[in-house]
Amino acid sequence: MAVWIQAQQLQGDALHQMQSLYGQHFPIEVRHYLSQWLEGQLWDVIDLENPQEEFKAKRLLDSLIQELQNKAEHQVGEDGFLLKIKLGHYASQLKSTYDRCPLELVRCIKHILYTEQRLVREASNSSSPVGGMMDSMSQKYQQINQVFEELRLLTQDTENDLRKLQHNQEYFIIQYQESLRIQAQLTSLATLPPADRQLREPTLLSKRATVEAWLTREANTLQKYRLDLAEKHQKSLQLLRKQQTIILDDELIHWKRRQQLAGNGGPPEGGLDILQSWCEKLAETIWQNRQQIRRAEHLRQQLPIPGPIEELLNDLNSTITDIISALVTSTFIIEKQPPQVLKTQTKFVATVRLLVGGKLNVHMNPPQVKATIISEQQAKALLKNENTRNDSSGEILNNNCVMEYHQATGTLSANFRNMSLKRIKRSDRRGAESVTEEKFTILFESQFSVGGNELVFQVKTLSLPVVVIVHGSQDNNATATVLWDNAFAEPGRVPFIVPDKVLWPQLCEALNMKYKAEVQSNRGLSEENLVFLAQKAFSSSSINPDDYRGMTMTWSQFNRESLPGRNFTFWQWFDGVMELTKKHLKPHWNDGAILGFVNKQQAQDMLMSKPNGTFLLRFSDSEIGGITIAWVAENPNKPGERMVWNLMPYTAKDFSIRSLADRISDLNHLLFLYPDRPKDEVFSKYYTPPLFTTTNPDPAANPTYMDHGASPVVSHPPNYGIYPPMSDSMLDADGDFDLDDTMDVARHVEELLRRPMESQWSGQQS
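Since this is a predicted model, take the numbers as computed values, not measurements.

Q: Help me understand the overall build of the protein, please; the structure alone is not making it clear to me.
A: Within the protein one finds 22 helices and 19 strands. A total of 766 residues make up the protein; the buried ones form 46% of that total. Across the protein, contacts joining residues at least 24 apart in sequence account for 69% of those joining residues at least 6 apart. Just so you have it, the protein exposes about 38600 Å², and 50% of that area is on carbon and sulfur atoms.

Below you can see the structure in the form of structure tokens.
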């Protein structure tokens with residue numbers, strides 16, 4: 001699956017080229033869900049120019065369709081239902097397309113795989129960070145696979161040596177039985193007459209001496225074979241342990257870290273297929289070596305020979321048991337984390353997976369997994385192996401689930417689909433800590449045996465920290481706790497310790513990741529945006545980014561202490577901006593129409609050099625989740641003098657009534673979006689089409705309330721008539737009042753009543 005994983009890392013033109021390979025002739029979903037199978041087939045051995053090869057192609061087509069159908073059949077749950085239908089449709093579609101020309105399918109897939117390999121190779125050879133990352137990843141995968149090949153050869157070698165030892169030992173036992181038979185014959189000579197005894201005794205004594213000499217020599221040889229085999233097993237186990245450390249302590253830990261950052265909006269952690277294949281190879285190799293060591297021990301018991309081999313075999317057996325125990329317990333992982341902000345009485349899901357379950361046949365007696373919520377202190381005690389007396393910190397409904405084996409994917413997992421936290425038991429809080437800073441975790445635990453009850457394992461795994469809330473109003477502060485923990489937790493920490501302060505660039509990285517994910521935009525926070533945030537966070541006026549690189553921000557500054565002169569924290573302000581942008585301003589942010597992170601003084605400096613009617617959009621300093629329009633115009637009180645005006649901030653409530661684009665369209669004195677773009681060029685595609693038209697095309701003859709706001713550019717005396725003339729177009733064919741056609745007017749009236757006209761414009765508030 002390495003090619004497909006790397007292909008998904010492609011960017012820019014290479015990504016477009018890769019995507020263009022797929023379509024109705026071969027859907028990209030088939031490539032994704034059957035990636036391992038597709039890359040494992042011998043497409044190249046089929047000669048496309050030889051019609052005799054068609055039967056091979058037909059067999060591959062049938063296998064492909066069968067794989068798709070199997071994949072579809074094993075989809076379960078709400079999410080799996082649509083996928084099941086889709087995969088079944090693709091199976092029928094491919095059969096219909098290629099049943100009469102299976103060689104064309106082979107040609108298509110060969111072209112896809114060849115092109116993907118070329119694109120990946122070109123990206124790997126480039127000097128771009130993506131190319132370098134992919135090249136590094138390929139090298140790492142290659143090294144891991146090379147070690148597996150070395151382990152395979154070592155295991156095969158010890159298997160051959162074990163068979164040789166067994167054969168030699170069996171022959172030794174036969175010769176030993178022969179020596180016993182000779183000794184019995186010598187003993188029986190005592191009953192014979194002296195003449196017969198003297199005749200036969202020398203021959204038997206000579207034969208006994210020869211056999212005993214051979215037995216002595218062969219016993220030393222067997223002992224050497226046993227010691228040599230034990231030394232080879234020691235070498236295998238050392239390499240196994242090293243390989244397991246790389247996979248579990250590096251690759252799996254990195255996957256878990258990516259999973260944690262994904263909780264902050266980082267890139268998806270990626271699938272577990274490659275990790276599972278490595279862990280299964282480890283399990284298979286460990287089990288083979290364990291069985292070999294047990295057979296060697298059986299041979300020793302069958303024929304005890306004094307020496308150090310007994311102690312060596314005991315050590316080997318203990319080591320191999322430790323290795324497989326570490327593998328099993330470490331590969332019991334949470335594939336889908338429960339929500340980290342967890343509201344009581346609300347349904348939530350989670351998925352637990354055992355990466356070696358299929359290989360060790362755990363599914364033959366499916367284990368049950370139990371979920372329990374525990375506190376931070378209980379988690380600490382658990383990791384110290386202290387007796388927690390099965391304590392929990394709350395009650396989870398539907399918290400038991402049987403692990404299911406999915407034949408098509410070879411995965412063993414427990415899908416908790418309907419859990420709900422019924423109640424929570426909070427601990428005493430420390431100092432200024434609030435309930436939204438208290439961390440819990442979901443403990444998943446199970447027990448199962450492998451190897452016919454030879455080994456019994458009790459496995460446990462902890463979820464990422466969870467903050468429990470009882471009301472939606474707590475979500476904002478709970479998210480801050482989760483963000484800080486996910487971003488700055490160190491590997492192997494004591495639950496759930498995080499640094500109290502972090503460098504500003506570290507926090508910027510976390511904020512940018514979160515912002516891009518929440519707003520679902522490729523346009524992240526620019527250096528200028530981050531300088532603005534630093535000014536806000538540290539009450540500074542410096543515009544030099546270097547001035548902030550060495551500064552640190554504490555948790556208290558982040559979300560305990562209010563900003564100077566405000567009644568909200570830095571995080572609460574930032575989260576308000578994200579929410580507003582996500583729900584109402586996303587297209588305008590993506591278009592670059594919103595500068596956003598600009599303070600009032602900066603806006604004034606930027607606009608004063610521009611023509612009248614130039615405006616910009618910036619996030620409000622004074623209101624959470626507010627955006628204001630600043631524009632330059634004449635000062636009506638001082639002819640010839642210009643000034644910058646700021647509209648009172650709009651919030652999500654305002655945009656639920658009328659969109660930003662429509663509001664900008666309404667304001668006739670707004671002409672150019674900073675620096676010089678005509679506003680209709682930027683916003684017209686987002687204007688709501690008018691629901692009715694008037695008979696008079698002249699706007700001046702049909703004023704609406706927006707024409708008469710207290711704008712400094714309006715030269716005629718204010719006229720506060722708010723209703724446009726009732727035209728015939730507002731009546732339907734029967735002359736009845738048409739509600740739909742009057743919605744625009746209703747919106748205007750509602751807006752006007754909600755905001756007194758005299759406070760529509762303000763040069764002070766923003």
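Q: Looking at this model, I keep getting lost on the pairing of strand 10 (residues 455-462). Mind explaining?
A: Regular strands show a simple pattern: their side chains alternate between the two faces of the sheet. Residues Leu455, Phe457, Val459 and Thr461 of strand 10 are buried on one face, while the alternating residues Val456, Gln458, Lys460 and Leu462, pointing to the opposite face, are not. By the bridge criterion, 8 bridges tie strand 9 (residues 440-450) to strand 10 in an arrangement that is antiparallel. When the sheet's bridge partners are listed, Leu443 is paired in strand 10 with Leu462. Linking two consecutive strands that pair antiparallel, namely strand 9 and strand 10, is a turn of 4 residues; a positive phi of about 65° is found at Gly451 within it.

Q: Explain the pattern of salt bridges to me, please; I cannot follow it from the model alone.
A: If charged atoms from side chains of opposite charge come close, those side chains can pair. Throughout the structure, instances matching the rule amount to 36 salt bridges. The shortest N-O distance in the salt bridge between Asp161 and Lys232 comes to 2.5 Å. Here the residue Asp161 occupies a position in helix 8 (residues 129-188), and Lys232 occupies one in helix 9 (residues 194-262), the gap between them amounting to 71 residues. A salt bridge links Lys583 to Glu579; its shortest N-O distance comes to 3.3 Å.

Q: Which parts of the structure should I look at to understand a nonpolar patch on the surface?
A: Where nonpolar side chains cluster on the molecular surface, the patch consists of Phe81, Leu82 and Ile85 and spans about 340 Å² of accessible area. Mapped onto the secondary structure, Ile85 falls in helix 6 (residues 77-98). The class for Ile85 is partly exposed, based on a relative accessible area of 48%.

Q: Is there a simple way to explain the packing of helix 10 (residues 273-302) against helix 11 (residues 309-330) in this structure?
A: Helix-helix packing is characterised by the crossing angle of the two axes and by the distance between the axes. Contact geometry of helix 10 with helix 11 gives a least axis separation of 10 Å together with a crossing angle of 155°. Relative to helix 11, the element helix 10 is oriented roughly antiparallel. Here helix 10 runs over helix 11; the crossing is left-handed. Of the residues in helix 11, those touching helix 10 at Cys279, Leu282, Ala283, Ile286, Trp287, Asn289, Arg290, Ile293, Arg294, Ala296, Glu297 and Arg300 are Ile309, Glu310, Leu313, Leu316, Asn317, Ile320, Thr321, Ile323, Ile324 and Leu327.

Q: Would you mind showing me how to read the packing of aromatic side chains here?
A: The geometry of an aromatic ring pair is captured by two quantities: the separation of the ring centres and the angle between the planes. Scanning the model with the defined rule gives 28 aromatic pairs in all. Consider the rings of Tyr171 and Trp214, whose centres lie 5.4 Å apart with planes at 85°: the pair is edge-to-face. Note that Tyr171 is positioned in helix 8 and Trp214 in helix 9, a separation of 43 residues in sequence. When its relative accessible area of 42% is taken as the criterion, Tyr171 is described as partly exposed. Residues Phe558 and Phe570 carry aromatic rings whose centres are separated by 6.2 Å and whose planes lie at 45° to one another, so their mutual orientation is tilted. Taken together, the residues span a long stretch of sequence, with Phe558 in helix 16 (residues 555-559) and Phe570 in helix 17 (residues 570-591) at a distance of 12 residues. Residues Phe558 and Phe570 agree in their burial class; the two are buried. The ring centre of Trp589 lies 3.5 Å from the NZ or CZ of Arg523, which sits over that ring.

Q: Looking at this structure, I do not really get the pairing of strand 9. What am I missing?
A: Counting buried residues in strand 9 gives 8 out of 11 residues, a clear majority hidden from the surface. The pairing of strand 4 (residues 368-375) with strand 9 spans 7 bridges and is antiparallel. Bridge pairing in strand 9 places Ile374 opposite Thr441.

Q: Help me out: how do you make sense of the side chain of Asn559 in this one?
A: Inspection of the secondary structure assignment puts Asn559 in helix 16. Judged by its relative accessible area of 8%, Asn559 is buried. Those residues in contact with Asn559 that lie beyond four places of it in its chain are Asn477, Ala480, Thr569, Trp571 and Gln572.

Q: Would you mind going over the packing of helix 13 (residues 475-488) against helix 14 (residues 504-519) with me for this structure?
A: Close contact between helix 13 and helix 14 brings their axes to 10 Å; oriented N to C, the two are set at 120°. Put simply, helix 13 runs oblique to helix 14. The element helix 13 and its partner helix 14 pack so that their crossing is right-handed. In this structure, helix 13 contributes Thr479, Leu483, Trp484, Ala487 and Phe488 to the contact, and helix 14 contributes Gln506, Leu507, Ala510, Leu511 and Lys514. Looking at the contact of helix 13 with helix 14, its residues break down into 7 nonpolar, 2 polar and 1 charged.

Q: Honestly, the environment of Phe416 in this entry has me stumped. Any pointers?
A: If you trace the backbone, Phe416 turns up in strand 8 (residues 411-424). Sequence-wise, Phe416 and Asn398 are 18 residues apart; in three dimensions their C-alpha atoms are separated by 7.9 Å. Other than its neighbours up to four places away in sequence, Phe416 contacts Phe348, Val349, Ala350, Val352, Val369, Ala371, Asn398, Asn399, Asn400, Cys401 and Phe444.

Q: Any chance you could explain the environment of Leu105 here in plain terms?
A: Mapped onto the secondary structure, Leu105 falls in helix 7 (residues 102-125). Since its relative accessible area comes to 0%, Leu105 is described here as buried. In this structure Leu105 touches Phe26, Leu61, Leu64 and Tyr98, once residues within four positions along its chain are discounted.

Q: Whenever I open this one, unusual backbone geometry confuses me. Can you help?
A: In terms of backbone geometry, most residues other than glycine have negative phi values and most peptide bonds are trans. With an omega of -20°, the peptide bond between Pro495 and Phe496 qualifies as cis. Mapped onto the fold, Phe496 is located in the loop between helix 13 and strand 12 (501-503). Along the chain, Tyr674 connects to Pro675 via a cis peptide bond; the corresponding omega equals 5°. Note on placement: Pro675 falls in the loop between strand 17 (672-673) and strand 18 (677-678). Phi is positive for Gln345, close to 60°, though the residue is something other than glycine. Considering the arrangement of structural elements, one finds Gln345 in the loop between strand 2 (341-343) and strand 3 (347-354). On the basis of relative accessibility, which here comes to 55%, the residue Gln345 falls in the exposed class. With a phi close to 55°, Asn398 is a non-glycine residue in the positive phi region. Within the fold, Asn398 resides in the loop between strand 5 (394-397) and strand 6 (400-402). In this structure Asn398 comes out as partly exposed when scored by relative accessible area, which is 47%.

Rules and cut-offs
Residues numbered from 1 in each chain as written. Predicted model: local features only at pLDDT ≥ 70, side-chain atom pairs only at ≥ 80, totals over all residues. Heavy atoms only, no water. Helix = DSSP H or I, 4+ residues; strand = E, 2+ residues; numbered from the N terminus. Buried < 20%, exposed > 50% of the residue type's maximum accessible area, 1.4 Å probe, protein only. Contact = heavy atoms within 4.5 Å. Areas by Shrake-Rupley, 256 points an atom, 1.4 Å probe, with all protein chains shown as cover. Pairing = 2+ DSSP bridges. Salt bridge = Lys/Arg side-chain N within 4 Å of Asp/Glu carboxyl O. Patch = residues over 30% accessible without salt bridge, like charges linked within 9 Å, V, L, I, M, F, W, Y side chains within 5 Å. Axes fitted to C-alpha atoms, helices over the stretch in contact; angles between N-to-C directions. Parallel < 35°, antiparallel > 145°, perpendicular 65-115°, else oblique. Left-handed = near helix turned anticlockwise from the far one by under 90°. Phe/Tyr/Trp six-rings, centres within 6.5 Å; stacked < 30°, edge-to-face > 60°. Lys NZ or Arg CZ within 6 Å of the ring centre and 35° of its normal. Nonpolar A, V, L, I, M, F, W, Y, C, P; charged D, E, K, R; others polar.

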